[in-house]
Amino acid sequence: MSEESSTVSAVAGAQAEPAKPRRNEWLLIAFTGTTNTADAVMRVALPLLAATLTRSPALIATVVVMISLPWLVTALHVGVYVDRKNRRSLMVAAEFARMASIAVVLVAVLTGMVSLPLIYAVAFVIGVAEVFAVLAAVSIIPSAVPRSRWQVANARITAVEYVTFSFVGAPIGGLLVAAGFVLALGTTGAVYLVGALLLTMLVGDFAVRSSRPAQPARVEIREGLTFLWRHTLLRTMAVLIAVMAGCWAAWYAIIPAYSVGGPLGLTAAQYGFLLTSLGAGGVLGTVLVGPVNRLVGRRWAMFAVIVGTVLMVGVPALLPAMPSSAWAIGIAAFVGGAGGTMWTVNSRVISQSLVPNELLGRFNAASRLISWGTVPVAAAIAGGVAELLGFRVAFGVFAVACLLLIYPFLKVITQESLAPVDAPQAQPATQESGER
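Reference entry: report on the structure contained in this document. The structure presented is a predicted model; accordingly, all values stated were derived computationally and were not measured. (Residues numbered from 1 in each chain as written. Predicted model: local features only at pLDDT ≥ 70, side-chain atom pairs only at ≥ 80, totals over all residues. Heavy atoms only, no water.)

### Structural notes on the overall build of the protein chain
- Within the protein chain one finds 18 helices and zero strands.
- Within the protein chain, contacts between residues separated by at least 24 positions form 89% of all contacts whose residues are at least 6 apart in sequence.
- Accessible surface computed for the protein chain: about 16300 Å², of which carbon and sulfur atoms make up 70%. (Helix = DSSP H or I, 4+ residues; strand = E, 2+ residues; numbered from the N terminus. Contact = heavy atoms within 4.5 Å. Areas by Shrake-Rupley, 256 points an atom, 1.4 Å probe, with all protein chains shown as cover.)

### Some thoughts on helix H5 (residues 87–111)
- Compared with an ideal rise of 1.5 Å per residue, which puts 25 residues at 36 Å, H5 spans 37 Å between its outermost C-alpha atoms and is within 8% of the ideal.
- Its side-chain oxygen 3.0 Å from the backbone nitrogen of arginine 88, asparagine 86 forms the N-cap of H5. (Expected span 1.5 Å × (residues − 1). Polar contact = N/O pair within 3.5 Å; in protein donor to acceptor, adjacent residues only side chain to side chain.)

### Considering the nonpolar core
- Residues Leu234, Met244, Trp251, Ile306, Trp343 and Ile350 are the most contacted members of the largest nonpolar core, which totals 133 residues.
- Ranked by residues supplied to this core, first place goes to helix H10 (residues 232–259) with 18 residues.
- Counting five residues, the second-largest nonpolar core is a separate cluster that includes Ala155, Val289, Ala301 and Val345. (Core = buried A, V, L, I, M, F, W, Y, C linked by side-chain atoms within 4.5 Å. Buried < 20%, exposed > 50% of the residue type's maximum accessible area, 1.4 Å probe, protein only.)

### Focus: a nonpolar patch on the surface
- Residues Leu284, Val287, Leu288, Val307, Leu311, Ile331, Phe334 and Val335 make up a contiguous nonpolar surface patch of roughly 610 Å² in combined accessible area.
- Counting only elements with at least two residues in the nonpolar patch, the list comes to helix H11 (268–296), helix H12 (298–318) and helix H13 (326–354). (Patch = residues over 30% accessible without salt bridge, like charges linked within 9 Å, V, L, I, M, F, W, Y side chains within 5 Å. Salt bridge = Lys/Arg side-chain N within 4 Å of Asp/Glu carboxyl O.)

### Some details on helix H16 (residues 391–403)
- Between its terminal C-alpha atoms H16 stretches 19 Å, which fits the 18 Å expected from 13 residues at 1.5 Å a residue.
- Inspection of H16 places Phe391, Ala394, Phe395, Phe398, Ala399 and Cys402 among the buried residues, and these make up the whole buried set. Each buried residue of H16 sits inside an arc of 135 degrees when the element is viewed along its axis, so together they form one side.
- Residues of H16 that are buried in the fold lie against helix H3 (57–73), H10, H12, helix H15 (374–389) and helix H17 (406–412). (Arc of directions from axis to C-beta.)

### Here we look at the packing of aromatic side chains
- As enumerated under the stated definition, the model contains seven aromatic pairs in all.
- With a centroid separation of 6.1 Å and an interplanar angle of 85 degrees, the aromatic rings of phenylalanine 227 and phenylalanine 363 are classed as edge-to-face. Taken as a pair, phenylalanine 227 in helix H9 (residues 217–230) and phenylalanine 363 in helix H14 (residues 360–371) lie far apart in primary sequence, 136 residues in all.
- Seen from their ring centres, tryptophan 251 and tyrosine 252 are 5.4 Å apart, and the 85 degrees between their planes marks the pair as edge-to-face.
- Judged by relative accessible area, which is 0%, tryptophan 251 ranks as buried.
- A relative accessible area of 21% places tyrosine 252 in the partly exposed class.
- Connected via pairs of aromatic rings, a cluster forms that spans Tyr258, Phe391 and Phe395. (Phe/Tyr/Trp six-rings, centres within 6.5 Å; stacked < 30°, edge-to-face > 60°.)

### Remarks on the environment of glycine 297
- Tracing the backbone through its elements, the reader meets glycine 297 in the loop between H11 and H12.
- Owing to a relative accessible area of 11%, glycine 297 belongs among the buried residues under this scheme.
- Separated by 121 residues in sequence, glycine 297 and leucine 418 place their C-alpha atoms 9.3 Å apart.
- The contact partners of glycine 297, leaving out residues within four places of it in the chain, are Val292 and Gln415.

### Observations regarding the pattern of salt bridges
- Per the stated rule, a full pass over the model turns up nine salt bridges.
- When the shortest N-O distance is used, the salt bridge between aspartate 39 and arginine 98 registers 3.2 Å. Within this pair, whereas aspartate 39 is found in helix H2 (residues 22–51), its partner arginine 98 is found in helix H5, the two being separated by 59 residues in sequence.
- The residue aspartate 83 makes a salt bridge to arginine 87 at a minimum N-O spacing of 2.8 Å. Grouping residues by exposure puts aspartate 83 and arginine 87 together as buried.
- Each member of the salt-bridge network shares a partner with another, and the members are Asp83, Arg87, Glu223 and Arg362.

### Brief notes about the environment of tyrosine 192
- Along the polypeptide, tyrosine 192 turns up in helix H8 (residues 181–199).
- With a relative accessible area of 0%, tyrosine 192 lands in the buried category.
- Note: C-alpha distance between tyrosine 192 and phenylalanine 31 (161 residues apart in sequence) is 9.2 Å.

### Details of the packing of H10 against H16
- Remark: H10 packs on H16, axes separated minimally by 9 Å, with the N-to-C direction vectors making an angle of 165 degrees. With respect to their mutual orientation, H10 and H16 come out roughly antiparallel. As for how H10 packs across H16, the hand of that crossing is left-handed. Where H10 abuts H16, its residues Val243, Met244, Gly246, Cys247, Ala250, Trp251, Ile254, Ile255, Ala257 and Tyr258 lie against Phe391, Ala394, Phe395, Phe398, Ala401 and Cys402. (Axes fitted to C-alpha atoms, helices over the stretch in contact; angles between N-to-C directions. Parallel < 35°, antiparallel > 145°, perpendicular 65-115°, else oblique. Left-handed = near helix turned anticlockwise from the far one by under 90°.)

Here is the structure:
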């Protein structure tokens, strides 16, 4: 079967299922809001907690490295579990694992036993839980929401991600840290618990059904990798996002040391509000994605992420490091956030439309191994370059890397390659049909 014909019919039986209650959509949106708020506070609190122990940009950036490292070392095997186990149960377990990890740090703060190795270990465990939660959450949508609402649901979920992670969560994190790490960590753990409770109210059976017997893990991993590798559009998207995710990781890794106690001279609360601009842009992107898709097509809506990412990492490289530059850096982050959400919504609809339901976990794992696997590497590189050559050089390196994506994007992501996403779906695909 050709790649084009397989993609036109590559949606599994989830499309043929009767429409799920609308409550599932709103529960997933509410869960996204709670867990991303907790994630945002945690991602502000842990690096700033590390900053109380050291002023080294590289050591502080290592917190981000440890949170993202599990995508590089565990994603493929987690993807197998997501395609074998009940996806809701995995999401609930991930919430409790993150809550327990935060409790360990909280106890350490209360007893005066905080150390960098402890922060790194907790960050890694939280990162592993995040891999389970994210892969299961992305893969559960076709089973929880009818296909006619995939784009709407993805747009709303993405909007809530940005509202809570950057627009609300980041400044709340800054304010909570300013009030004390005990309050910040305690609040984070409580919000993770609320997220777990929301998941228990989802309606439906979220176990993955497959007509084939379970294969060895290495075989199932290979199936996900093979599907991605043989699909030109999906493979190229994974490579493009790998570079862009690296740029975002570099920004997140060094912006705390650059902003708080560094050349930008911001307080913890001001730093939280700087991150708010990224979330505000993301919210705007989810509002614009539908009209922009209709006006100029998915291709140009997705191209906005390259423009936004170049500005986000490029502006700090070009401007002098002084408090007045924070406004321009915030505006650039706003544009980056808008482009990021337009890419995210469209890329999720594309993968959910072209990948069989029983392969979604492994496909998303393979795709994110390539794309998000660069995050710890980029964060480490950014921290090292900032340590040796300065912040402006570190930001500039990643701005140039993102500029180089323009040619492959225009060559592969065309209107023709995206046409099957919106084509009428005929017969549900089997897993094998997508691989031949």
